[in-house]
Amino acid sequence: MSRHQASQGVVLTGYHSNAELLPQTGLCSSGCPSGADRDSDLLSRKTGHYSLHQNPNAQEDKYELSTGTSSTNSSSANGSSVLSSSSAVSFNSHPSTSPRHSPNTRTRHKPTCQRSSSQDSLDELEMDDYWKEVENITRGGGGGGGGRGEGEAQEEEQQKVSEEGEQEEAWLAEAGLTQLFDDSSAADDQDQEEDSAVFLSTLTRTQAAAVERRVTLLHQTLRRRNRQHLPDVRDIFRSPEKDEEPQKLTGGSENRPRDASTSETETELNVEVAFSEQALSYWDNCHRSKVTTSLNASDDKLPNFKLLRDKTGQTRIGDLSPLDMKKVQRLVLVEVTALFDTAGIDLKAHKAVKVKAKESGLFGVPLNTLLEQDQRRVPGTKVPFILQRLMRYIEEEGLDTEGLLRIPGAATRVKSLCLELESSFYDGMFPWKQLKQHDAASLLKLLIRELPHPLLTVEHLNAFIAVNKFPTKKQQLQALNLLVLLLPEPNRDTLKALVEFFQRVIDHQAKNKMTLNNVSVVMAPNIFMFKGFRSKVTEQQEFSMATNTANIVRLLIRYQDLLWTIPKFILNQVRQQNMESQRKLNKERAVRKLLKKITTDRPHEKTIPEESSQGFIRVQAPQFSKVSMAVQLTEDLQAADVLNRFLSQDSSVAVKKEDLCLYEIGGNIKERCLDGETFMKDLFQLNPTAEWVIKTMQR
């Protein structure tokens, strides 16, 4: 089959699917740019086809770190970065040009007209603590240095610049869409092509535009290299035929996407409509109403965001099976790219480069290596032992210590403690009782900073910083939610442990004087200035970098409960993919039966149990003595009620209630641990062929 013919089967049936969901009503909030500034970024509405153009005015204050990674154990399982773009600048750690060495620049604020909304409140903080922390880092050897042996040279991280077309190719490969540009992969793996067709059929219009843009850019590059037999992008993204419409999820208004501009207050987050679709609606409203740029109010007191209520339950990271989580990450990659595209924000992707790193030990060791060491001792470990132990020690000694995290330990003593930890931590011989609080906090920061790869990964670090370019806190939070989901599991779990610890420190601010802003400005350079970091930028760029990284840390801490959740629209797309895959599988089974001359008019499908049709569900519990029970579905029945009823009927269960979960298994989902507030009747309507199983949490 030729590549052109093969592409005919890749149908983007979701390309037009959400057009009716976003009627353009109402004005956008303050902070919208003028219509003239946004003209080149708005998606054309002609005949449902969207073409994205770069806004030359949207590229002020570009922050791109000169980075790389180490060793064969890459910190990122994701092979490419989120976005694409042009220039790159870096951070300056040289005393001659750094604002931290100039008393005049330290308190010199940007003119109000030049500040972004995210910088307003951080300007008021007088970033002294940030610059003091950078000075402490510099005195300790730039990237720290406490954990390296004397004969161990530190290598600088080198930026790997992607060649023309390489970035788009890597992006499409990470999204699982290799066959869109590689003839051999399409010919060799028919299943992959069918999987891609299913994947593309569930995309929204903005997600489709993001894929189309990368395919177009890559094809233009390949044609310039004189490659032949490339499919026309219009063949890949053709409009669906009527008989190819994907199956839609049913189950009442709770399960249907809502209008992005309806029933949503200032502090509510709508997770039923794709974030990129909401952003498109926002920019369209700004464009039509000709709203001029204005500053948001000071955001020192961050809004109390909450998710719109979902009766089918909230899904957190870790609730889904690995197979469904893989689908989530593919969709999130496309969605976050579409969100940045819609806002006209472009970034130059950075590629991980192997550099020399320690293969064992504690400080200066890749995160994956730390976890491998610990998992050999305790299988299933998700956060390095040394990090857990340092946080636990600080908490045990008391979180009321004034200046905790801000006041550094003595540099020579910290270096000596590093060496002692390296030699005696795993033997259990380290003298913890002699460790001072501020020394322990310095060791914690050093451990993070000494990672050969940044905790936020080389591939996504620039995207995290660029979140500040979004015009509203709501869009910034949506972008961060997607970026957290994109992180490799070890990085995501470690980051979560850290922000939870930071929140516990902040909870004691009355005694330790460490507020959310204080913790954020102190920790920002430790998270963003990782081991081997080198750069050269202007004072103004470094000042902007400081306030922006501090703001990102603020958002990660403040909204951690929201950021580690999976948006419902992503989960619905996963369900649609599973339904479409099952439909194709059933069709193949029917064909095989016909070939065997087995009389059947329709493919075998899993039927709804008779109990369910009568308003009951059968809950299985194979791990326990009471292996099943019938539960009547009522309007108010929640997952927590089912667990309570089970525990009341089986007194032999030795597992704590908080370690048990009611799982939704099969139907349009592989496996999902249910939130206790999930309304069972609503979920049953969404997935009527699922099985319901009580078992211990698999985390």
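Criteria and thresholds
- Residues numbered from 1 in each chain as written.
- Predicted model: local features only at pLDDT ≥ 70, side-chain atom pairs only at ≥ 80, totals over all residues.
- Heavy atoms only, no water.
- UniProt positions renumbered as here; feature names shortened; annotations may be inferred.
- Helix = DSSP H or I, 4+ residues; strand = E, 2+ residues; numbered from the N terminus.
- Buried < 20%, exposed > 50% of the residue type's maximum accessible area, 1.4 Å probe, protein only.
- Contact = heavy atoms within 4.5 Å.
- Areas by Shrake-Rupley, 256 points an atom, 1.4 Å probe, with all protein chains shown as cover.
- Expected span 1.5 Å × (residues − 1).
- Salt bridge = Lys/Arg side-chain N within 4 Å of Asp/Glu carboxyl O.
- Disulfide = S-S within 2.5 Å.

Per an unreviewed UniProt entry, the recorded name for the protein chain is Rho GTPase activating protein 18, and the organism is Iconisemion striatum. Per UniProt, the protein chain has the following entry under Function (unreviewed entry): "GTPase activator for the Rho-type GTPases by converting them to an inactive GDP-bound state."

A.B. asks: When you look at the overall build of the protein chain in this model, what are you seeing that I'm missing?
C.D. replies: A count of helices and strands for the protein chain gives 27 helices and nine strands. Counting only residues that meet the buried cut, the protein chain has 57% of its 699 residues in that class. Sequence separation of at least 24 residues holds for 81% of the intrachain contacts in the protein chain that already meet a minimum separation of 6. A total accessible area of about 29,500 Å² is found for the protein chain, and carbon and sulfur atoms account for 49% of it.

A.B. asks: Just checking my understanding: could you explain unusual backbone geometry for this structure?
C.D. replies: Most peptide bonds take the trans configuration, and most residues that are not glycine carry a negative phi. Phi is positive for threonine 457, which is not a glycine, with a value near 75 degrees. Counting through the fold element by element, threonine 457 comes out in the loop between α16 (437-449) and α17 (458-466). In this structure threonine 457 comes out as buried when scored by relative accessible area, which is 0%. One non-glycine residue, lysine 513, lies in positive phi territory at about 65 degrees.

A.B. asks: How do you make sense of the side chain of arginine 672 when you look at a structure like this?
C.D. replies: Locating arginine 672 in the fold gives a position in strand β8 (residues 669-673). In this structure arginine 672 comes out as buried when scored by relative accessible area, which is 1%. Once you skip the residues sitting within four places of it in the chain, arginine 672 turns out to touch Thr312, Gly313, Gln314, Thr315, Asp319, Leu320, Leu571, Arg575, Leu662, Tyr663, Glu664 and Leu683.

A.B. asks: Help me out: how do you make sense of α16 in this one?
C.D. replies: Think of an α-helix as turning once every 3.6 residues; residues three or four places apart then point the same way. Taking 1.5 Å as the rise per residue, α16 with 13 residues should run 18 Å; its terminal C-alpha atoms sit 19 Å apart, in good agreement. Within α16, 13 of the 13 residues are buried, which leaves it mostly tucked inside the rest of the structure.

A.B. asks: I'm lost on the pattern of salt bridges in this one. Help?
C.D. replies: Working definition: two side chains of opposite charge can pair if their charged atoms are close together. Under the definition given, this model contains 21 salt bridges. A salt bridge links arginine 213 to aspartate 346; the shortest N-O distance between them is 3.7 Å. Of this pair, arginine 213 sits in helix α9 (residues 205-224) while aspartate 346 sits in the loop between α12 (322-342) and α13 (367-377), and the two are 133 residues apart along the sequence. Each member of the pair, arginine 213 together with aspartate 346, is buried. With its nearest N and O atoms 3.7 Å apart, the salt bridge here joins glutamate 396 to arginine 392. In this pair, glutamate 396 and arginine 392 both sit in helix α14 (residues 385-397), four residues apart, roughly one turn of the helix. Using a relative accessible area of 51% as the deciding quantity, one classes glutamate 396 as exposed. Judged by relative accessible area, which is 40%, arginine 392 ranks as partly exposed. Residues joined by salt bridges that share partners form a network here, namely Arg213, Arg214, Asp341 and Asp346.

A.B. asks: I tried to follow the state of the cysteines on my own but got confused; where do I start?
C.D. replies: Formally, a disulfide is one covalent bond, and it connects the sulfur atom of one cysteine to the sulfur atom of another. Per the stated rule, a full pass over the model turns up one disulfide. Through a disulfide, cysteine 661 is tied to cysteine 673; the S-S separation comes to 1.9 Å. On the sign convention where negative means left-handed, the S-S torsion of about 120 degrees between cysteine 661 and cysteine 673 marks this disulfide as right-handed. With cysteine 661 in strand β7 (residues 660-666) and cysteine 673 in strand β8, this residue pair connects regions lying 12 residues apart in the sequence. On the basis of relative accessible area, cysteine 661 is assigned to the buried category, the value being 2%.

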